[in-house]
Every structure is written in structure tokens, then in C-alpha cells.
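The primary structure of each chain is shown beneath.
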Amino acid sequence: MIDYSRLPTAAERNISVRVKGAAERALRQGHPWVFEDAILRQSHLGNAGDLAVIYDREKNNFLAVGLYDPLSPIRIKVLQALQPARIHQAFFAEKLKAAQAKRQPLVKEGSTGYRLVYGESDGFPALIIDRYGDTLVMKLYTTAWLPHLEALIGALEDAVVFDNLVLRLSRALQSDRLNVAKLYGLEDGQQLIGDIGAAPAQFVENGLLFQADVRKGHKTGFFFDQRDNRQKVRELAKGQRVLDVFSYTGGFSVYALDGGARTITALDLSEPALETLKINVENNGFDAKLIDVMAGDAFAGLMQLIQARRKFNMVIVDPPAFANSRASMRKAVMAYRRLVEMALRLLANDGLLVMASCSSRINAEMFFQLVERSALVSGYKLEIIEKTGHGLDHPIAFPEAAYLKALFARVKK
């Protein structure tokens with residue numbers, strides 16, 4: 001439960017802001033961020049979550065309104081642009097209804113697990129909401145949402161049918177620097193509505209049953225962004241010996257089994273995730289003996305398999321984001337190259353490589369070129385089957401929202 005009396009409140013007086021010409025143009029084109037260095041002047045200093053109203057410089061007309069975030073270089077996170085609007089519970093409820101409507105094709109297919117709100121692309125900057133059956137998981141990435149949390153939760157109750165609501169906090173919000181737990185009584189994994197206890201949440205995706213630890217698991221407990229790629233693996237897996245690298249709780253592994261894979265080797269650093277993988281396998285009616293789990297570092301595990309002269313017909317590599325900053329890009333590129341080279345050494349001739357990236361700083365063109373060149377340098381030729389991006393529950397409303405890309409290729413020596 002949540003004690004709203006401990007949360008901060010937004011100031012009654014909005015912050016009036018003028019921005020540079022380039023920022024004005026970006027706002028008119030729908031970009032949801034205003035950076036600190038784009039602000040020419042503002043009426044007064046504000047606290048996290050105060051509303052900042054941006055006016056154009058020529059005619060003093062309304063341009064946008066957003067959440068003020070004094071601790072972030074993205075100083076204003078836009079909620080509404082071009083048309084003035086009051087920011088309150090009903091405003092959030094309408095946006096939630098619109099987001100829900102976009103996901104109706106998934107609901108009609110019978111999927112009960114998906115991303116309900118994808119941050120800025122659905123009008124909720126620095127916030128995501130994932131659905132796991134009757135449980136919603138809301139993850140905050142800024143303290144600017146705290147003054148609006150009561151209105152946001154009220155809007156969820158007005159617009160969406162659910163039984164449980166769990167709060168997840170970004171690493172920054174969990175840090176001692178922001179002190180969110182002590183100041184406001186909010187903790188990562190906290191139950192805000194309902195009572196699921198320690199039980200995992202269950203959901204259906206493309207006819208398959210999964211469970212996820214929504215309180216302590218990575219991100220919100222599962223990676224819905226790979227749904228379409230998992231389906232593609234299911235279509236290609238018949239009769240294959242599959243290696244699933246960075247397998248986590250077995251999304252790709254379960255789909256591969258359902259597609260008729262002969263055997264699966266799943267490699268992941270997290271032993272709890274691998275235990276959940278086994279449960280997900282068995283819950284879908286498959287024999288857990290078909291899965292050979294390897295707990296350990298992916299690079300060390302791949303080298304171990306190479307030294308053992310193992311060969312697979314399909315290798316799936318779905319690593320975490322290596323490039324979280326500009327400074328880390330060089331190391332990320334080297335890591336991707338190494339993964340491609342090692343995966344290729346484990347593939348039988350005419351085998352299938354599935355290589356994915358969720359590093360937003362490495363764009364799709366750069367990533368695909370990196371994979372193809374790494375293969376060429378290693379003496380392999382890739383026959384591209386498909387290059388993929390985002391699913392419908394991860395809509396791309398502005399360039400920075402695009403992060404996921406995957407390549408499916410047949411490998412020739």
C-alpha cells in the first residue's frame with residue numbers, strides 16, 4: 001500500500017519557460033524532451049514534478065507542458081504539446097485508454113502479457129507499465145512523477161481493469177542520492193494495490209504460459225519487446241539443436257521447444273532465472289530434460305562450448321544493453337563482435353544465427369553492419385533472412401525510442 005501523505009506535491013504556480021529555436025522546432029515536431037541547455041529563461045526555479053509550461057518566443061503562444069526535473073539533463077519531460085491541457089487524473093486516464101487501444105490486437109490474440117505503456121511514446125515520459133495477466137507493474141525513472149502518483153494510480157483504476165499493482169524503481173531512484181525509500185516510503189517491488197505476496201505473476205504470450213518475478217526480476221520481470229522475435233524462432237526451430245545465450249527465464253527456449261526443437265542449451269548468469277526457465281518449460285508441457293542449463297558468464301560459457309567442440313543448428317544471442325553511455329560504445333562494439341565470432345564457431349554449416357541488440361546508442365544500421373562485417377572477418381557469409389525492430393506494444397514516437405533490433409541469418413562457411 002502507499003501513504004500518499006508522504007509524497008511531495010507539485011507547486012500550484014507553474015514554471016513559465018522559453019526555449020531556443022531548435023528546441024521549439026523539435027517540440028512542434030513531437031519530440032518529448034527539453035534539455036537543460038535548450039532553456040533560455042524560466043520564471044522561477046522549481047522542484048521535481050512541478051509543471052513547466054513552454055511558450056514560443058515570437059507570439060507567446062502555448063507550445064507544451066511537461067514535468068520539471070531539476071536533477072536531469074532532460075529538464076522538462078513533455079506530457080502535452082501544441083494543444084493546452086489540464087494535467088490531472090482524467091488527462092492521464094484518457095492517455096491510458098489510448099495506449100490500451102493500441103494493444104488490442106495482442107489482446108484479441110489471447111496474449112495477457114505485454115507493455116501497456118511505453119514511456120514517452122505513449123505520453124508518459126520516464127515511466128513504463130507492463131501487464132502480467134491481472135497484475136500491472138509500473139516502473140518509474142524519475143522523481144518528477146512522485147507528486148502525480150496519486151492521480152496516475154487513480155487514472156489506472158479508472159481506465160484499466162486489473163487486480164494488482166506493483167511498483168518498480170530505476171537504479172537511480174533506489175540510490176542513496178535520491179533517498180526515495182526514506183523520504184517517501186517507496187521501495188522497489190512494493191505492492192501498491194492488491195496482494196500477490198511472493199508468488200510469481202503468470203501470463204500468456206502467443207499461446208504459451210510464462211511466469212515472472214515482477215518484484216525482483218530484471219526490469220519488470222520479463223522482456224516483452226522480444227515477442228515477435230520469439231515467434232520467428234518458433235517458426236524456424238523445427239528439428240534444430242538450439243543454443244540460447246543470455247537465456248534469462250527462457251522466452252526463446254520455450255518458443256523453440258514449441259516449434260519442434262530437438263534440444264536446447266540455455267546459458268545465463270542468473271541461477272534463479274534458470275530455475276524459472278525450467279518451470280516455464282514444464283508449465284508448457286515439455287520435458288525439462290530437453291533443456292541443458294549452464295549457469296555462468298556468457299563469454300566464458302561460449303568458450304567452454306567451443307573448446308568442447310559443440311555444434312548447434314541455431315544460436316540465439318540476446319545480450320543486455322552494452323552501450324548505456326557514449327563512453328561505453330567502443331567496449332559495446334567489441335563485445336558484440338566477440339559474441340558474433342563465438343556464436344559462428346558454434347554453428348553447424350547452414351545453421352541459423354539470431355543476433356539481437358537493445359543498446360539504443362548503437363542504431364540498427366550500425367548494428368547490422370557490425371554483425372555482417374564480424375562474420376565476414378571470421379570467414380563466414382550470412383544469408384539474411386530478416387531484420388526486425390519493435391513490436392506494436394513498443395511504438396516509436398520519436399527517434400530515441402528506437403532501441404531494439406535483431407538479425408536472422410543463415411550461416412555459410
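As a reminder, the structure under discussion sits directly above these lines.
Predicted model only: the values in this text are computed from it and were never measured. (Residues numbered from 1 in each chain as written. Predicted model: local features only at pLDDT ≥ 70, side-chain atom pairs only at ≥ 80, totals over all residues. Heavy atoms only, no water.)

Participant: I'm lost on the layout of surface pockets in this one. Help?
Facilitator: Where empty space is left becomes clear once a probe the size of a water molecule has been rolled over the atoms. In this model, the second largest pocket occupies a volume close to 280 Å³. Along its surface, the second largest pocket is lined by 18 residues, and P8, T9, A10, P147 and H148 are the ones closest to its centre. Counting residues per element, the lining of the second largest pocket draws most heavily on helix α4 (residues 149–159), which supplies three residues. Across the lining of the second largest pocket, the residue classes tally to twelve nonpolar, four polar and two charged. (1 Å grid on protein atoms, 1.4 Å probe; cavity = no way out; pocket = protein on both sides within 12 Å on 5 of 7 lines; lining within 4 Å. Points joined across faces, edges and corners; volume = space filled by probe spheres on them. Helix = DSSP H or I, 4+ residues; strand = E, 2+ residues; numbered from the N terminus. Nonpolar A, V, L, I, M, F, W, Y, C, P; charged D, E, K, R; others polar.)

Participant: Help me out: how do you make sense of the packing of aromatic side chains in this one?
Facilitator: Aromatic ring pairs are defined here through the distance separating the ring centres and the angle between the ring planes. Going through the model one piece at a time under the given rule, you end up with 18 aromatic pairs. Where F203 meets F222, the ring centres are 5.0 Å apart and the plane angle is 65°; that geometry is what we call edge-to-face. Residue F203 is found in strand β12 (residues 201–205), and its partner F222 is found in the loop between β13 (208–212) and α7 (227–236); the two are separated by 19 residues along the sequence. Both residues of the pair, F203 and F222, belong to the buried class. Taken together, the aromatic side chains of Y132, F203, F210, F222, F224 and Y255 make up a single cluster linked through ring pairs. (Phe/Tyr/Trp six-rings, centres within 6.5 Å; stacked < 30°, edge-to-face > 60°. Buried < 20%, exposed > 50% of the residue type's maximum accessible area, 1.4 Å probe, protein only.)

Participant: How should I be thinking about the pattern of salt bridges in this particular structure?
Facilitator: Between side chains of opposite charge, a pair can form when the charged atoms approach closely. For the structure on display, the rule yields 19 salt bridges. The shortest N-O distance in the salt bridge between K102 and D122 comes to 3.2 Å. Of this pair, K102 sits in helix α2 (residues 89–102) while D122 sits in the loop between β7 (113–118) and β8 (127–132); the two residues are 20 residues apart in sequence, bridging distant segments of the chain. A relative accessible area of 40% places K102 in the partly exposed class. A residue is classified by how much of its surface remains accessible, and D122, at 7% relative accessible area, is buried. Between E205 and R227 there is a salt bridge, with its nearest N and O atoms 3.8 Å apart. Taken together, the positions of E205 in strand β12 and R227 in helix α7 put the pair 22 residues apart, joining distant regions of the chain. (Salt bridge = Lys/Arg side-chain N within 4 Å of Asp/Glu carboxyl O.)

Participant: Is there a simple way to explain the sheet that holds strand β2 (residues 33–35) in this structure?
Facilitator: The pairing of strands in a sheet comes from backbone hydrogen bonds and takes either a parallel or an antiparallel form. As summarised here, the arrangement of the six strands in space is β2-β6-β5-β4-β1-β3, forming an open sheet in which the pairing is mixed. Here the strands that pair on one side only, and so sit at the sheet edges, are β2 and β3 (39–42). When the angles between neighbouring strand axes are averaged without regard to direction, this sheet yields 35°. Sheet analysis places strand β5 (residues 62–68) next to strand β6 (residues 74–81), joined by five bridges and oriented antiparallel. Note on β6: the bridge partner recorded for Y68 is I76. (Pairing = 2+ DSSP bridges. Axes fitted to C-alpha atoms, helices over the stretch in contact; angles between N-to-C directions.)

Participant: I'm lost on the packing of α2 against α4 in this one. Help?
Facilitator: The relative placement of two packed helices is expressed as an angle between their axes plus a distance between the axes. Relative orientation of the contacting elements α2 and α4 amounts to 50°, with a least axis distance of 8 Å. Between α2 and α4, the angle is such that the two are oblique. Considering only the axes of α2 and α4, their crossing is right-handed. Across from Q89, F92, A93, L96, K97 and Q100 in α2, the residues of α4 making contact are E150, A151, L152, G154, A155, L156, D158 and A159. Classifying every residue of the contact of α2 with α4 gives eight nonpolar, three polar and three charged. (Parallel < 35°, antiparallel > 145°, perpendicular 65-115°, else oblique. Left-handed = near helix turned anticlockwise from the far one by under 90°. Contact = heavy atoms within 4.5 Å.)

Participant: Looking at this model, I keep getting lost on α4. Mind explaining?
Facilitator: Structurally, the α-helix is built with 3.6 residues per turn, so residues lying three or four positions apart point the same way. Every buried residue of α4 is accounted for by L149, L152, I153, G154, A155, L156 and A159. Contacts made by the buried residues of α4 are with α2, β8, β9 (135–140), β10 (164–169) and β11 (190–193).

Participant: What is the right way to look at the pairing of β9 in this model?
Facilitator: The side chains of a regular strand alternate between both faces of the sheet. Of all six residues in β9, six are buried; the element is thus mostly enclosed. Burial along β9 is two-sided: the residues T135, V137 and K139 and L136, M138 and L140 are all buried. As paired strands, β8 and β9 are joined by six bridges and run antiparallel to one another. Across the sheet, the residue bridging to I129 is M138, located in β9. Where β8 hands over to β9, the hairpin turn is made up of two residues, of which G133 adopts a positive phi near 60°.

Participant: I'm lost on the environment of T112 in this one. Help?
Facilitator: Along the chain, the position of T112 falls in the loop between α3 (104–108) and β7. Exposure remark for T112: the relative accessible area of 32% places this residue in the partly exposed category. Measuring from C-alpha to C-alpha, the distance between T112 and D134 comes to 8.2 Å, with 22 residues separating the pair along the chain. Once residues lying within four places of it in the same chain are set aside, the contact partners of T112 are R131, Y132, G133, F203 and V204.

Participant: Is there a simple way to think about unusual backbone geometry in this case?
Facilitator: Leaving glycine aside, a negative phi is the common case for residues, and trans is the common case for peptide bonds. Positive phi values are uncommon outside glycine, yet L82 reaches one of about 75°. Residue position: L82 is located in the loop between β6 and α2. Assessed through its relative accessible area of 42%, L82 is described here as partly exposed. Despite not being glycine, K219 has its phi angle at roughly 55°, a positive value. As for its placement among the helices and strands, K219 is situated in the loop between β13 and α7. You can call K219 partly exposed: its relative accessible area is 46%.

Participant: Would you explain the nonpolar core in this entry?
Facilitator: One broad rule of soluble globular proteins: the nonpolar side chains tend to lie buried together. Membership of the largest hydrophobic core comes to 44 residues, with the highest contact counts inside it found for M138, L140 and L149. It is α4 that contributes the most residues to this core, six residues altogether. Setting aside residues up to four positions removed in sequence, L140 forms contacts with A126, L127, W145, L146, L149, L167, R168, L169, S170 and L173. Residues L267, A332, F367 and V371 belong to the second largest nonpolar core, which totals 37 residues. (Core = buried A, V, L, I, M, F, W, Y, C linked by side-chain atoms within 4.5 Å.)

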